[in-house]
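Okay, here's what each chain looks like letter by letter:
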Amino acid sequence: MRSTETLLARKHSNHERQERIITEALADRWPDPERQQALRLVAMAGVGTKIWSSLERHGSLADHLDETFAAVQSELTR
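Because the structure is predicted, anything quoted here is derived from the model rather than measured.

Draft legend 1. View of the confidence of the model for the chain. For the chain, mean pLDDT is 85; residues scoring 70 or higher make up 95% of the total. Here helix 3 (residues 61-76) stands out as the element of the chain with the lowest mean pLDDT, 80, in contrast to helix 1 (residues 2-29), whose mean of 90 is the highest.

Written as structure tokens, this is what we have:
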């Protein structure tokens, strides 16, 4: 069990690192401070897409993203 917790923590840390690296690269390309939050969201979506593809999910990525953003919107409007 501990091994699984350690593995999950390592994966989470790796995803955060990937998100940070992508965000920094996007910010280098589009340095406008007003775009930084949107660029971070793009980076999160990119990492999430990679995770989605590794899970061998059924259905299209577009459907998955629609479901995910609908869930986020639902939570934010509660």
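Read on for the rest.
Draft legend 2. Quick peek at the pattern of salt bridges. A complete count under the given rule lists three salt bridges for this structure. Between Glu-19 and Arg-40 there is a salt bridge, with the nearest N and O atoms lying 2.8 Å from each other. Here Arg-40 lies in helix 2 (residues 36-54) and Glu-19 lies in helix 1, a separation of 21 residues in the sequence. Residue Glu-19 is classed as buried on the basis of its relative accessible area, which comes to 14%. Given the relative accessible area of 45%, Arg-40 is considered partly exposed.

Draft legend 3. Representation of the environment of Arg-35 in the model. Here Arg-35 shows up in the loop between helix 1 and helix 2. On the accessibility criterion, Arg-35 (37% relative accessible area) is partly exposed. Each C-alpha atom, one on Arg-35 and one on Glu-16, is 19 Å from the other, the two residues being 19 residues apart in sequence.

Draft legend 4. Structural detail: helix 2. Given a rise of 1.5 Å per residue, 19 residues ought to cover 27 Å, and the 27 Å separating the end C-alpha atoms of helix 2 matches this to within 8%. Three or more residues of helix 2 are buried, namely Leu-39, Ala-43, Val-47 and Trp-52.

Draft legend 5. The arrangement of the side chain of Gln-18 in detail. Mapped onto the elements, Gln-18 comes out in helix 1. Owing to a relative accessible area of 16%, Gln-18 belongs among the buried residues under this scheme. The residues contacting Gln-18, other than those within four sequence positions of it, are Val-47 and Lys-50.

Conventions we followed
- Residues numbered from 1 in each chain as written.
- Predicted model: local features only at pLDDT ≥ 70, side-chain atom pairs only at ≥ 80, totals over all residues.
- Heavy atoms only, no water.
- pLDDT = per-residue confidence, 0-100.
- Helix = DSSP H or I, 4+ residues; strand = E, 2+ residues; numbered from the N terminus.
- Salt bridge = Lys/Arg side-chain N within 4 Å of Asp/Glu carboxyl O.
- Buried < 20%, exposed > 50% of the residue type's maximum accessible area, 1.4 Å probe, protein only.
- Expected span 1.5 Å × (residues − 1).
- Contact = heavy atoms within 4.5 Å.

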